[in-house]
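If you want the building blocks of each chain, they are given just below.
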Amino acid sequence: MADQAELVGIFSNLISGQQQVTLYNTYRGLPFNYQADILGVVQETVSMQVHRHQAVSMALEGVTHVRCDALPEVIRAKVQDVDIKKGEAILSNFTIARD
């Protein structure tokens, strides 16, 4: 099982490889599943460029799920901040999704 530091390290490696991740959210039964670019990693937070619709659903839901081939499983992350106009989100508190 991956811990917080290991997951943040994987995100750091994805920046250099310019690999996108897919974010998963649901709002009122509507799925929002868009690709996102990792902009940076600072301490245990990851900033991402996200689709506008994804940003809105992330802001409303407060969490998102992250998936890419480099991650061991689907990861749940807390949405720390979202700038809907810029399409940027800051994620933290990464854990393996169990639901």
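One can find the structure itself at the top, above this paragraph.
In this text the structure is predicted, and so the values were computed from the model without any measurement.

Chemist: Looking at this structure, how should I read the sheet that holds strand β3 (residues 45-49)?
Modeler: Whenever strands of a sheet pair, they do so through backbone hydrogen bonds, lying parallel or antiparallel. Taken together, the 6 strands give a closed barrel; going around it, the order is β1-β2-β3-β6-β5-β4, and neighbouring strands pair in antiparallel fashion. Between one strand axis and the next, the sheet turns by 45° as a mean value, whatever way the strands run. Direction of pairing for strand β1 (residues 21-27) relative to strand β2 (residues 30-42): antiparallel, over a ladder of 7 bridges. Across the sheet, the residue bridging to Leu23 is Tyr34, located in β2. Packed onto the sheet, helix α2 (residues 52-61) meets β1, β2, β4 (63-67), β5 (75-83) and β6 (88-96) and runs at close to 60° relative to β1.

Chemist: Explanation requested: unusual backbone geometry in the structure shown.
Modeler: Glycine aside, the phi torsion of most residues is negative, and most peptide linkages are trans. Of note in the backbone geometry, Arg28 takes a positive phi value of approximately 50° without being a glycine. As for its placement among the helices and strands, Arg28 is situated in the loop between β1 and β2. The class for Arg28 is exposed, based on a relative accessible area of 73%. A positive phi angle, near 50°, is found at Gln43, a position not held by glycine.

Chemist: How should I be thinking about the pairing of β3 in this particular structure?
Modeler: Working note: regular strand, side chains alternate between the two faces of the sheet. Covered by surrounding structure in β3 are Val46 and Met48 only, the residues Thr45, Ser47 and Gln49 on the alternate face being uncovered. Relative to β3, β2 runs antiparallel, the two being bridged by 5 bridges. Bridge pairing links Asp37 to Gln49 in β3. Counted along the chain from β2 to the antiparallel partner β3, the turn is 2 residues long, and its residue Gln43 has a positive phi close to 50°.

Chemist: Help me out: how do you make sense of a nonpolar patch on the surface in this one?
Modeler: Together, Tyr27, Val56, Leu60 and Ile84 give the surface a local cluster of nonpolar side chains, amounting to about 310 Å² of exposed area. You can see Val56 is positioned in helix α2.

Chemist: What should I look at first to understand the environment of Val21 in this one?
Modeler: Tracing the backbone shows Val21 in strand β1. For Val21, a relative accessible area of 1% puts it in the buried group. For Val21 and Phe11, which are 10 residues apart along the polypeptide, the C-alpha to C-alpha distance reads 9.4 Å. Sequence-distant contacts of Val21, defined by excluding residues within four places in its chain, comprise Leu14, Tyr34, Gln35, Ala36, Ile38, Met48, Val66, Arg67 and Cys68.

Chemist: Explain α2 to me, please; I cannot follow it from the model alone.
Modeler: Residues spaced three or four apart along an α-helix point in a common direction, a consequence of the helix completing one turn every 3.6 residues. Among the residues of α2, Gln54, Ala55, Ser57 and Met58 are the ones counted as buried. Just downstream of α2 lies Gly62, where phi reads positive at about 85°.

So, how was this worked out
- Residues numbered from 1 in each chain as written.
- Predicted model: local features only at pLDDT ≥ 70, side-chain atom pairs only at ≥ 80, totals over all residues.
- Heavy atoms only, no water.
- Pairing = 2+ DSSP bridges.
- Helix = DSSP H or I, 4+ residues; strand = E, 2+ residues; numbered from the N terminus.
- Axes fitted to C-alpha atoms, helices over the stretch in contact; angles between N-to-C directions.
- Contact = heavy atoms within 4.5 Å.
- Buried < 20%, exposed > 50% of the residue type's maximum accessible area, 1.4 Å probe, protein only.
- Patch = residues over 30% accessible without salt bridge, like charges linked within 9 Å, V, L, I, M, F, W, Y side chains within 5 Å.
- Areas by Shrake-Rupley, 256 points an atom, 1.4 Å probe, with all protein chains shown as cover.
- Salt bridge = Lys/Arg side-chain N within 4 Å of Asp/Glu carboxyl O.

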